[in-house]
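One-letter residues, chain by chain:
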Amino acid sequence: MTTHAKATADLRLACIQFQPAIGRLDENLQAMERLIRQAAGLGASVVVLPELADSGYVFDSQDELAALAAPIPDGRSAVLLCSLANELNLHIVSGLAERDGDQFFNAAMLCGPAGSIGTYRKLHLWNREKLYFQPGNLGLPVFDTAIGRIGVAICYDGWFPETYRQLALKGAELVCVPTNWVPMPAQGHHPEPMANILHKAAAHSNGIYIACADRVGTERGQPFVGRSLIVGPNGWPIAGPASEAGEEILIATINLGDVAKARALSERNDAIGDRRSDVYG
């Protein structure tokens, strides 16, 4: 990890929404590189990609996953991302299928211009993920970078308020969320996905930026909802939501120095400082 300098400068943050194809590693990496280069051309200095962006999501066997997963940071996907981060002077967060010995993790890597910064492994596995992946065993790290303190969560992690509260208490200013959101039970014709509501609430209650990069399309019968978004520390979207089905790059200008100010909800209230840890821990 690099030494953190207090963030006071504006940053351009991008969330990339696209459609990975299950099992098509070459095609997925080509799409990721193309879109990362586009985001850099739009001035982005931080780029977030979806969950399992390199492999696709709906595996039909352990063997299929084993053929696609690779170590972090030494596997093919991770090496490509680190190379792009160096060349384009970016910080990149991407979901990746990770192999660690004979175990597999739904993971995300954070890399910067100097190389790999750290790995996060998804804590809360959704549905059939439990058939193929081990639950995350690296906790909820906050990475101290040259641009600010960055946390990572993946998809279903966002259904647990403790995820964002723990990251905020550890000093996260920005949480990057690679995700593959699916329709929730009873969603019906409600105009806004539950995922968007949860992440706006989490940003507001913790006073943090949250950047969610979702995928789109239907894979082996499983639809995904799209609607990527970037939320400010007051809980209101500052980019997106994106469309339900299209490839998009969301861009927002953020300043991580605004986090402390956003937590001051009134003259006498602070979203973190008012916690009654004597009552609820």
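Refer to the structure printed above.
Here is what the cut-offs are and how they apply
Residues numbered from 1 in each chain as written. Predicted model: local features only at pLDDT ≥ 70, side-chain atom pairs only at ≥ 80, totals over all residues. Heavy atoms only, no water. Helix = DSSP H or I, 4+ residues; strand = E, 2+ residues; numbered from the N terminus. Contact = heavy atoms within 4.5 Å. Salt bridge = Lys/Arg side-chain N within 4 Å of Asp/Glu carboxyl O. Buried < 20%, exposed > 50% of the residue type's maximum accessible area, 1.4 Å probe, protein only. Pairing = 2+ DSSP bridges. Core = buried A, V, L, I, M, F, W, Y, C linked by side-chain atoms within 4.5 Å. Axes fitted to C-alpha atoms, helices over the stretch in contact; angles between N-to-C directions. Parallel < 35°, antiparallel > 145°, perpendicular 65-115°, else oblique. Left-handed = near helix turned anticlockwise from the far one by under 90°. Nonpolar A, V, L, I, M, F, W, Y, C, P; charged D, E, K, R; others polar.

Draft legend 1. Region of the structure containing the environment of A252. Along the chain, the position of A252 falls in strand 14 (residues 248-254). As a C-alpha pair, A252 and A44 span 208 residues in sequence and 8.6 Å in three-dimensional space. The contacts of A252, once residues within four sequence positions are left out, are L11, R12, L13, I230, I238 and A239.

Draft legend 2. Summary view of the pattern of salt bridges. Under the definition given, this model contains 19 salt bridges. Residues E51 and K122 are paired through a salt bridge, measuring 2.9 Å at the closest nitrogen-oxygen approach. Of the two residues, E51 is situated in the loop between strand 2 (46-48) and helix 2 (62-68) and K122 in the loop between strand 5 (115-121) and helix 4 (129-132); the sequence distance between them amounts to 71 residues. Classification of E51 by relative accessible area gives buried; the value is 1%. Across the pair R215 and E219 runs a salt bridge, and its minimum N-O distance is 2.8 Å. Each member of the salt-bridge network shares a partner with another, and the members are E33, R37 and E87.

Draft legend 3. Inspection of the pairing of strand 3 (residues 91-100) at higher detail. Of all ten residues making up strand 3, eight are buried, and the element is well covered by its neighbours. Bridge analysis of strand 2 against strand 3 gives three bridges, and the strand direction is parallel. Within strand 3, the residue paired with V48 across the bridge is V93. As paired strands, strand 3 and strand 4 (residues 103-112) are joined by nine bridges and run antiparallel to one another. Across the sheet, E98 pairs through a bridge with F105, a residue of strand 4. Between strand 3 and the antiparallel strand that follows it, strand 4, lie two residues; G101 among them carries a positive phi value of about 65 degrees.

Draft legend 4. Broad picture of the nonpolar core. Membership of the largest hydrophobic core comes to 49 residues, with the highest contact counts inside it found for L174, V175 and I210. Aside from chain neighbours lying at most four places away, what touches L174 is L13, V46, R149, I150, G151, Y209, A211, I254 and L256. Of all hydrophobic cores here, the second largest spans 44 residues; its members include A14, A69, A85 and F105.

Draft legend 5. Local environment of the sheet that holds strand 8 (residues 174-178). Reading across from one edge, 6-7-8-9-12-13 is the order of the six strands in this open sheet, with mixed pairing throughout. Strand pairing shows two members of the sheet lacking a second neighbour, strand 6 (142-144) and strand 13 (237-239), which therefore form its edges. With direction set aside, neighbouring strand axes in the sheet form an average angle of 25 degrees. Here strand 12 (residues 229-231) pairs with strand 13 via two bridges, running antiparallel. Among the inter-strand pairings, V231 is bridged to a residue of strand 13, identified as P237. Most of the contacts of helix 5 (residues 161-169) go to strand 8, to which it runs at about 145 degrees, and overall it touches strand 6, strand 7 (149-152), strand 8 and strand 9 (209-213).

Draft legend 6. Representation of the pairing of strand 5 in the model. With six of seven residues buried, strand 5 is to be regarded as a mostly interior element. In this structure, strand 4 lies alongside strand 5, joined through six bridges in antiparallel fashion. Residue pairing in the sheet places L110 in a bridge with G118 of strand 5. Linkage of strand 4 to strand 5, two consecutive antiparallel strands, is achieved through a turn of two residues.

Draft legend 7. Layout of the sheet that holds strand 1 (residues 11-17). The mixed open sheet is built from six strands, whose spatial order is 5-4-3-2-1-14. One side of each edge strand has no neighbouring strand; the edge strands of this open sheet are strand 5 and strand 14. Across this sheet, the average inter-strand angle for adjacent strands is 30 degrees, counted without regard to direction. Each of strand 1, strand 2, strand 3 and strand 14 is contacted by helix 1 (residues 25-41), which is oriented at about 150 degrees to strand 1, the strand it contacts most. This element, helix 3 (residues 76-88), spans strand 3, strand 4 and strand 5 of the sheet and lies at about 10 degrees to strand 4.

Draft legend 8. The arrangement of the packing of helix 5 against helix 6 (residues 194-206) in detail. Interaxial distance between helix 5 and helix 6 falls to 10 Å at its minimum, and their mutual angle equals 30 degrees. By the angle between their axes, helix 5 is roughly parallel relative to helix 6. Of the two elements, helix 5 crosses helix 6, and the hand of that crossing is right-handed. In this structure, helix 5 contributes Y164, R165 and A168 to the contact, and helix 6 contributes H199, A202, S205 and N206. The residue makeup of the contact of helix 5 with helix 6, split by class, is three nonpolar, three polar and one charged.

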